[in-house]
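Listed here are the chains, written in short residue letters.
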There are 2 protein chains.
Amino acid sequence: MLEKIDLKKKANWEDTDERIKKLEIRIGELQRRCKELGIPIMVLFEGYEASGKGTMIGRMIRALDPRGFQVFPMEKETEEDKMHPYLWRFFTKTPAKGRIHIFDKSWYQGFFDDKLTPEEIRQFEKQFVDDGNLIVKFFLAITGKEQKKRLKALEKNKSTKWRVNKSDWSENKNYDEQVLRYDTLLIKTDTHEAPWTVVEAMDRKYATMKILTTLAKAMETAVKNAEGMKAASAGKDAEVESGVAAMEHEEFKNGVLAGIDLGKKLTDEEYRKKKKDLQKRLAILHNKMYLKRVPVVLAFEGWDAGGKGGAIKRITQAIDPRGYEVVPTASPNDIEKAHHYLWRFWEKFPKDGHMTIFDRTWYGRVMVERIEGFATEDEWKRAYAEINNMEAQLVKNGTVVLKFWMHIDKDEQAARFQSRQETPEKQWKITDEDWRNREKWDEYEKAVDEMIVKTSTKGAPWHVIEANDKRYARIKVLEIVVDALEKALH
Amino acid sequence: MLEKIDLKKKANWEDTDERIKKLEIRIGELQRRCKELGIPIMVLFEGYEASGKGTMIGRMIRALDPRGFQVFPMEKETEEDKMHPYLWRFFTKTPAKGRIHIFDKSWYQGFFDDKLTPEEIRQFEKQFVDDGNLIVKFFLAITGKEQKKRLKALEKNKSTKWRVNKSDWSENKNYDEQVLRYDTLLIKTDTHEAPWTVVEAMDRKYATMKILTTLAKAMETAVKNAEGMKAASAGKDAEVESGVAAMEHEEFKNGVLAGIDLGKKLTDEEYRKKKKDLQKRLAILHNKMYLKRVPVVLAFEGWDAGGKGGAIKRITQAIDPRGYEVVPTASPNDIEKAHHYLWRFWEKFPKDGHMTIFDRTWYGRVMVERIEGFATEDEWKRAYAEINNMEAQLVKNGTVVLKFWMHIDKDEQAARFQSRQETPEKQWKITDEDWRNREKWDEYEKAVDEMIVKTSTKGAPWHVIEANDKRYARIKVLEIVVDALEKALH
């Protein structure tokens, strides 16, 4: 969840302060409603050292009625804590109905102290969600460079010097390891019931907006659900208020894709040279892969006309047709529909030593099925974990799993659609559905952003391919495949 | 789940065959209804070697329309299987809507081959339950002696000799270890969505009845749920059929408690001698426990007038009052009600080196709250896992956890109630509620049987105390406490 985050986001819109004020007022309203409905709320702040957890908690509580919340700094275990089971100090601090408890660091520290497994953490949270609690989890992330700067600033100041210790510096020095450690934990505990929100915390205003927006939305949903249940038992319709969604700045939603530089290009000469070299290496690697019995899964997703087909072709051109299969994914047929949505992909996973290239994939669940309503909210939300688990099984078996998002912008897509319609031999490639999908570009972008964050894992990473230039895109895909195979066969 | 099972149960009622026939007819009806409703069903058979899985599958399928089911013997991985991720051979064999797939051994073998963790197994099953599958899991258990007998008989017969191998004999020789290994796995995968049914498989007819009854009930529930959903979307009431419950023999429901010998007694002289000795040892152990900082939790449950108070007193008499606390559990107060139901117990758990004795406990959730409807079916069913997880946290912290069920029969309770009412200084001990509970004896017995099976773990075992004779009961409790402390402080 941390690998693909663009940490440099800023909230530099004219009306940022105004928006924040509106969110604060809304949160105050929601707090009163949660109290009336008896909803207990836990808000967790985790993050890298010096990422600003304390500051952000201070910022957040401005929106809250002080009679209804309490902040618990959970840095170190007290003597009393140590004399009890590890979860004791957390369980005894869980909120009563209608109250908000904010944890500055939480039970997640138990993972790093070898006191809790991710499974135990999930069990712990689940029992509270099942009991009607709302759990909102924030993870504050900054770059290694920024962390270094902040730690230095803290050390320079006499009054804050004590806050920096050796382990902070060692974390900073091993920033990449730190990211990986946290990422593993976050992915394993990003449940449907209690999801993580990663907060890009370089810019304080951006972080504030993201935290307030997320909290307000979560509270709105909890209120809606509780009112729904109350209404159901009282036999009348729920009083559904909304509002937070409307308060969002249109640019605020932008995620991973917004940071992609689509200007990258290759000349024809560069392209030919690189392609020749890469395909040669790929052919040799494909052979080794077969001999060493390593299975490979390549998963292609992307905008319509994003160039999936072309990229796949540059791979298959290079390799022995007996050793790979290309699986195009269309709408499921009747037999497939009668099974679990992942069944048809399991059927196609490669034998050891073989390569399967999926042209569109199981990620349809969290894109087209989500947007077109073919999957319920419950279904597509739990799909992230189902997919992560499935890919983990592939990786456990030694499979090389690579996922590509072929990324173009809206203008480029228009040009390609146009060209397809005008070229007789390409007309089959363009359908009414493509035009309909194009109208939902923003919805897809949001879904893709979420998908990439939630399902980028070390074992099965997403690669966003800058694909406005077809040559650049094809070479980048080839490079990633060759690199990954070289590493796997090393 | 296996520790407290009485394996010697028999179905020797006059009308057993007739009842089995009725169940078969009912299952046939339900199969048709499941097909109409498009419910996929998986039935898993696991168990000790020679426990009769094959026979029982053969027996079960007699009730089914052969066009609608398929049996998959999953003994060994094929070459093809080995060339895929471990779960591949199972995922690709999962049933389409409306079909029944029966697995003779299943993905649970992956646990013993170090291919799957209990967590991965739960994830695997959960995705199918979430998708509308019914998963019924049977575990067939026999005694070590019976296993030996059956293995010998198989070896003797030329045509079955090949079925017995070295590992079967080594399992039989280490029967206790085998039970423990399976028990750990069963407890960790006994989920609310896909629970285990342990089948006492010494007597074939008993096993047949239990399997058919369990299957029929599970199908009935699945049909009811699916009809409910259909009705909800069609806007009309569900057509709820029942029937299996009525087919059960009244003795069939008897579980752990039925096998308890309540005739055990001690003379007054034996009692005094043993008590003196045990209390002396307990005092010394209590001191050691304090010095070694070992926390202890004693949990007392039992029938009203079962003698909890008397047993607790014989413990506390012996030990330093600064080192223990007795916590009586009544209905939760308002503050407690505003929290998770386990919160008030977490508040009371002992510090290291201290002992907390609970007079009634968190098990109220699966007894009185279940029976009186204070907890919903969903709530008390998920409580088994919540409680097991909580006790696992105590055990992880080094806590000695002992749970006692003070068991008397209905006549003895009547006598004690009578005596309480007639003795002025004991009258406070008897209330109208006690009489009301007594009327629900059978319901309680069923709940207690289920509770003991589902929450007896190696780290936090249940002890059923034969308590018709107060002296015998008090000594047995003291012995168990002394033994456990001696082991823990060894």
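The structure under discussion appears in the preceding block.
Residues numbered from 1 in each chain as written. Chains lettered and ligands numbered in written order. Predicted model: local features only at pLDDT ≥ 70, side-chain atom pairs only at ≥ 80, totals over all residues. Heavy atoms only, no water.

To continue, consider the sheet that holds strand β2 (residues 69-73) of chain B. The strands making up a sheet associate through hydrogen bonds between their backbones, and the pairing can be parallel or antiparallel. Residues and elements named next belong to chain B. The parallel open sheet is built from 5 strands, whose spatial order is β2-β3-β1-β4-β5. The open sheet has two edge strands with one neighbour each: β2 and β5 (196-200). Averaged over neighbouring strand pairs, the angle between their axes works out to 20 degrees when direction is ignored. Pairing between strand β1 (residues 41-47) and strand β3 (residues 100-104): 5 bridges, direction parallel. (Pairing = 2+ DSSP bridges. Helix = DSSP H or I, 4+ residues; strand = E, 2+ residues; numbered from the N terminus. Axes fitted to C-alpha atoms, helices over the stretch in contact; angles between N-to-C directions.)

Next up on the list: the packing of helix α6 (residues 118-130) of chain A against helix α6 (residues 118-130) of chain B. Look at α6 of chain A against α6 of chain B: their axes get within 11 Å of each other, and the N-to-C directions meet at 50 degrees. By the angle between their axes, α6 of chain A is oblique relative to α6 of chain B. Crossing of α6 of chain A over α6 of chain B shows left-handed handedness. Of the residues in α6 of chain B, those in contact with Glu 119, Arg 122 and Gln 123 of chain A of α6 of chain A are Glu 119, Arg 122 and Gln 123 of chain B. Its residues assigned to classes, the contact of α6 of chain A with α6 of chain B shows no nonpolar, 2 polar and 4 charged. (Parallel < 35°, antiparallel > 145°, perpendicular 65-115°, else oblique. Left-handed = near helix turned anticlockwise from the far one by under 90°. Contact = heavy atoms within 4.5 Å. Nonpolar A, V, L, I, M, F, W, Y, C, P; charged D, E, K, R; others polar.)

Contacts between the two partners involve 44 residues from chain B, matched on the other side by 44 residues from chain A. Of the roughly 4200 Å² buried between chain B and chain A, counting both surfaces, carbon and sulfur atoms make up 51%. The tally of links from chain B across to chain A stands at 8 salt bridges. Linking Lys 351 of chain A and Glu 80 of chain B is a salt bridge whose minimum nitrogen-to-oxygen distance equals 3.4 Å. Taken together, chain B and chain A are joined by 32 residue pairs in polar contact (both at pLDDT 80 or more). Elements represented by at least two residues in the side of chain B that touches chain A include exactly α3 (79-82), α4 (88-91), α6, α15 (343-346) and α17 (377-396) of chain B. Here the side of chain B that touches chain A gets 7 residues from one element, more than from any other, and that element is α6 of chain B. Along the lines of polarity and charge, the residues of the side of chain B that touches chain A split into 16 nonpolar, 11 polar and 17 charged. (Buried area = accessible area lost by both parts, 1.4 Å probe. Salt bridge = Lys/Arg side-chain N within 4 Å of Asp/Glu carboxyl O. Polar contact = N/O pair within 3.5 Å; in protein donor to acceptor, adjacent residues only side chain to side chain.)

Our next topic: the pattern of salt bridges. Counted according to the given criterion, the structure contains 88 salt bridges over all chains. For Arg 365 of chain B, the salt bridge identified is with Glu 369 of chain B, shortest N-O distance 3.1 Å. Taking the relative accessible area as the measure of exposure, Arg 365 of chain B reaches 8% and is therefore buried. Residue Lys 476 of chain B pairs with Glu 466 of chain B through a salt bridge whose shortest N-O separation is 3.0 Å. With a gap of 10 residues between them, Lys 476 of chain B in helix α21 (residues 470-488) and Glu 466 of chain B in strand β10 (residues 462-466) connect regions that are remote in the sequence. Taken as a pair, Lys 476 of chain B and Glu 466 of chain B share a single burial class, namely buried. Through salt bridges with shared partners, a single ionic network connects Lys 126 and Asp 130 of chain A together with Asp 378, Arg 382 and Glu 386 of chain B. (Buried < 20%, exposed > 50% of the residue type's maximum accessible area, 1.4 Å probe, protein only.)

All names here are of chain A. For strand β5 (residues 196-200), a buried count of 5 out of 5 residues is recorded, marking the element as mostly surrounded by other parts of the structure. Taking every second residue as pointing to the same face, both faces of β5 are buried, with Trp 196, Val 198 and Glu 200 on one and Thr 197 and Val 199 on the other. Bridge count for strand β4 (residues 134-141) against β5 is 5 bridges, and the pairing is parallel. The residue bridging Phe 139 from the neighbouring strand is Val 198, located in β5.

Let us now look at the environment of Val 477 of chain B. Residues and elements named next belong to chain B. On the secondary structure map, Val 477 appears in helix α21. Spatially, the C-alpha atom of Val 477 lies 10.0 Å from that of Ala 467, the residues being 10 residues apart in sequence. For Val 477, the residues in contact, after removing those within four places along its chain, are Phe 300, Ala 311, Ile 315, Phe 404, Met 406 and Ile 465.

There is a patch of like positive charges on the surface, built from Lys 148, Lys 152, Lys 156 and Lys 173 of chain A. Broken down by element, the residue count for the positive patch peaks at 3 residues, all from helix α7 (residues 144-156) of chain A. (Patch = residues over 30% accessible without salt bridge, like charges linked within 9 Å, V, L, I, M, F, W, Y side chains within 5 Å. Areas by Shrake-Rupley, 256 points an atom, 1.4 Å probe, with all protein chains shown as cover. Lys, Arg positive; Asp, Glu negative; His and termini not counted. Charge placed at Lys NZ, Arg CZ, Asp CG, Glu CD.)

The next subject is unusual backbone geometry. Residue and element names in this part refer to chain A. Despite not being glycine, Asp 114 has its phi angle at roughly 60 degrees, a positive value. Secondary-structure assignment places Asp 114 in the loop between α5 (109-112) and α6. For Asp 114, a relative accessible area of 71% gives the class exposed. Phi angles above zero are rare outside glycine, and Arg 293 is one such case at about 60 degrees. You can see Arg 293 is positioned in the loop between α12 (268-291) and β6 (296-302).

Turning our eyes to something else, we now look at helix α1 (residues 16-37) of chain B. Residues and elements named next belong to chain B. Over its 22 residues, α1 runs 31 Å from end to end, which matches the ideal 32 Å to within 8%, given 1.5 Å per residue. Regarding α1, the residues found buried are Thr 16, Arg 19, Ile 20, Leu 23, Glu 24, Arg 26, Ile 27, Gly 28, Leu 30, Gln 31, Cys 34 and Leu 37. Positive phi appears at Gly 38, one or two residues downstream of α1, with a value of about 70 degrees. (Expected span 1.5 Å × (residues − 1).)

What follows is about the side chain of Thr 143 of chain A. Residues and elements named next belong to chain A. Its place among the elements puts Thr 143 in the loop between β4 and α7. Among the polar contacts made by the side chain of Thr 143, one reaches the main-chain amide nitrogen of Glu 146 at a distance of 3.1 Å. Among residues more than four places away in sequence, those in contact with Thr 143 are Leu 7, Lys 8, Tyr 175 and Met 202.

This brings us to the relation of the copies chain B and chain A. Expressed as a screw transformation, the operator carrying chain B onto chain A has a rotation angle of 180 degrees and an axial translation of 0.0 Å, and the superposed copies differ by an RMSD of 0.1 Å. Such a combination of turn and shift is consistent with a two-fold rotation axis. Every residue of chain B has its C-alpha some distance from the rotation axis, and the shortest such distance is that of Glu 119 of chain B, at 3.8 Å. A shared binding surface is used by both copies, with 100% of the interface residues of chain B retained as interface residues in chain A. (Least-squares fit on C-alpha atoms with pLDDT ≥ 70 in both.)

On to the nonpolar core. Core analysis: the biggest nonpolar cluster contains 290 residues, and Trp 107, Ile 315 and Trp 362 of chain A together with Trp 107, Ile 315 and Trp 362 of chain B have the highest contact counts within it. When residues no more than four places from it in sequence are discounted, the contact partners of Ile 315 of chain B are Leu 282, Leu 298, Phe 300, Met 355, Ile 357, Val 477, Leu 478 and Val 481 of chain B. (Core = buried A, V, L, I, M, F, W, Y, C linked by side-chain atoms within 4.5 Å.)

Of all 7 residues in strand β1 (residues 41-47) of chain A, 7 are buried, a share of seventy percent or more. In β1 of chain A, alternate side chains face the same way, and those of Ile 41, Val 43, Phe 45 and Gly 47 of chain A on one face and Met 42, Leu 44 and Glu 46 of chain A on the other are all buried.

Note on aromatic pairs: each is described by the distance of the centres and the angle between the planes. Counted by the stated rule, this structure contains 61 aromatic pairs over all chains. When the centroid spacing of 5.8 Å and the interplanar angle of 55 degrees are considered together, the rings of Tyr 86 of chain A and Phe 90 of chain A count as tilted. For the pair formed by Tyr 86 of chain A and Phe 90 of chain A, the shared burial category is buried. Aromatic side chains Trp 303 of chain B and Trp 441 of chain B sit 3.6 Å apart centroid to centroid with 5 degrees between the ring planes, which places their arrangement in the stacked category. Of this pair, Trp 303 of chain B sits in the loop between β6 (296-302) and α13 (308-316) while Trp 441 of chain B sits in helix α20 (residues 441-455), placing them 138 residues apart in sequence. With relative accessibility at 5%, the residue Trp 303 of chain B sits in the buried group. (Phe/Tyr/Trp six-rings, centres within 6.5 Å; stacked < 30°, edge-to-face > 60°.)

Read these as geometric descriptors, not functional statements.
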